[in-house]
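# Structural overview for review
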Amino acid sequence: MGSRRPAGADVSADGTWTNFSRRHSVRPQRFAVPHDLDDLRRVLREATAEGSRVRVVGSGHSYNDVATAPDTQVSLRRLNRIRHVDPGSGHVTVEGGASLREIRTELARHGLAFDNMGDIDHQSIAGALSTGTHGTGLTAPAFASQVVAMELMLADGSLVRCSAEDPDPALFDAARVSLGALGVIVAVTLRAVPAYHLRRTDSVITRDQALALLEDPPQNGHIGFYFMPYIDQVLMWTAERTTDPVDKPSALGEWFRDVVKVNHGLRAMGAVARRAPRLVPALSRAFARGIRPETTVDTYDKVFLRPLFVRHDAFEFAVEQAEGPGCVRTLMAAVEDARVPAAFPCETRVAPAESAWLHPQYGRTTTWVGAAIQSPGIDVDGAWEEAQRACVAKGGRPHWGKWHTLTAAELGGLYPRWDEFTALRTKLDPGGLFGSPAIDRLLGRAQ
């Protein structure tokens, strides 16, 4: 019921590519959509001969410029087959361009599910992995930890396979979150789990209550907090696995809640905030009052997927769990002290340690400190820069697909395996084929 605006990148008639938040645009010199591996190999060979650099793009949902490709932009949307599903082991092998939606739909046919996921599913699996996409819950793995094997096409066109069972797991641990800088992810094998239901509870609590829960979050299940600037109300949801049958609102009720109240409501709030910033606290209080506390039971994907179709920009830093409450306080104070007309929920989550070298959760239990704002047209950079400084001072690492201003010189000190990743990148792509100005800034220019 009701049409939804595209949730990823836009491409104009003249070939200009613009990311989801509309903050970054580029018109690639060349755009390629290979239909098989030989075609992809040809694209890489021609780019090398021309001295052009290559960036593979997914859905374009990254909020920063990590996916921008001024030289050769490659889409894997035709390399999206589900190659094999083994219901016995739960292993599913898919091509890199397969979207999370396509994968979960196929899993459902076999009685399988993702072990965890975020709140959108139009990302490609290659893009979701490359930027460290995650969900919430202290025992709930990010996509990187659901991978058991990968296949990459290197700059010379050769294929290399890596897996969790390799005697030397270096390539596997580097490739699962690589920003596309090691090679093209042409196939991924994931470990799925038996399909399950979740009991989700939505409620409204105070900031102090939310911060106390962040200090000692539940050890099982999933939990998320939506802080809103200028008001004391925090929207909280929790979910736990259950064998109970589906028990949820009607399709009309779900549409009214998710599309009308949330998406159209936030879009209208943004329009008012731009013209009458003083009304933001009242708008946010009205939005919070409109959230009806409820408990529902549904399939896992219907519980996790509460996507925002309204255009927005996002900030998110991963800090050690103990530092989470303090960083949330600083973030909210930075926005409020700067009087930013932010009438948008700011999501905070918790997550377990990850083993992929460049995953922001690497090596530590994590609190994700997030903020969001309607885009474009509201200046929030100054406040976010202040919050960024506070998070980095506590060892915080930015989400690879969201707003931040850090460079390789600053990022390198935040990741214990940074130098090993850089050495492997130099070995696999000595000519720096898989690069762009954004990659140069984030990872350094390939040597």
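Residues numbered from 1 in each chain as written. Predicted model: local features only at pLDDT ≥ 70, side-chain atom pairs only at ≥ 80, totals over all residues. Heavy atoms only, no water.

Per an unreviewed UniProt entry, the protein carries the name L-gulono-1,4-lactone dehydrogenase and comes from Streptomyces smaragdinus. Regarding the protein, the relevant UniProt record gives this comment under Pathway (unreviewed entry): "Cofactor biosynthesis; L-ascorbate biosynthesis." The record in UniProt for the protein states the following under Sequence similarities (unreviewed entry): "Belongs to the oxygen-dependent FAD-linked oxidoreductase family." (UniProt positions renumbered as here; feature names shortened; annotations may be inferred.)

Two pairing modes exist for strands in a sheet, parallel and antiparallel, and in both the strands are linked by backbone hydrogen bonds. Read from one edge to the other, the open sheet built from three strands follows the order β1-β2-β3, with strand pairing classed as antiparallel. Each edge of the sheet is formed by a strand with only one pairing partner; in this case those strands are β1 (10-11) and β3 (25-26). (Pairing = 2+ DSSP bridges. Helix = DSSP H or I, 4+ residues; strand = E, 2+ residues; numbered from the N terminus.)

What follows deals with the environment of Gln73. In this structure, Gln73 sits in strand β6 (residues 72-75). Counting along the chain gives 79 residues from Gln73 to Leu152, while the straight-line C-alpha distance between them is 17 Å. Residues contacting Gln73, with those up to four places away along its chain left out, are Trp17, Pro28, Arg30, Phe31, Ala32, Arg55 and Val57. (Contact = heavy atoms within 4.5 Å.)

This part takes up the side chain of Lys402. Position of Lys402 among the secondary structure elements: in the loop between β21 (397-398) and α11 (408-411). Residue Lys402 is classed as buried on the basis of its relative accessible area, which comes to 14%. Apart from residues lying up to four places away in sequence, Lys402 is in contact with Tyr63, Asn64, Ala314, Glu316 and Arg349. (Buried < 20%, exposed > 50% of the residue type's maximum accessible area, 1.4 Å probe, protein only.)

Time to look at the UniProt feature "domain: FAD-binding PCMH-type" (unreviewed entry) in the protein. With numbering matched to this structure, UniProt assigns "domain: FAD-binding PCMH-type" (unreviewed entry) to residues 23-195. Across residues 23-195, helical content stands at 21% and strand content at 27%; the span's end C-alpha atoms are separated by 38 Å.

Here the focus is the packing of aromatic side chains. How two aromatic rings sit relative to each other is set out by the distance from centre to centre and by the angle between their planes. Taken as a whole, this structure holds 10 aromatic pairs when the rule is applied. Taken together, a centroid distance of 5.7 Å and an interplanar angle of 45° make the contact between Phe315 and Trp384 tilted. Pair noted here: Phe315 is in strand β18 (residues 312-320) and Trp384 is in helix α10 (residues 381-393), with a separation of 69 residues, a long-range link. No difference in accessibility class separates Phe315 from Trp384, as the two residues are buried. Three or more aromatic residues link up through ring pairs in this structure, and these residues are Phe315, Phe317, Trp384 and Trp403. Lying across the ring of Tyr196, Arg241 places its NZ or CZ 3.7 Å from the centre. Against the face of Tyr415 rests Arg397, its NZ or CZ located 5.0 Å from the ring centre. (Phe/Tyr/Trp six-rings, centres within 6.5 Å; stacked < 30°, edge-to-face > 60°. Lys NZ or Arg CZ within 6 Å of the ring centre and 35° of its normal.)

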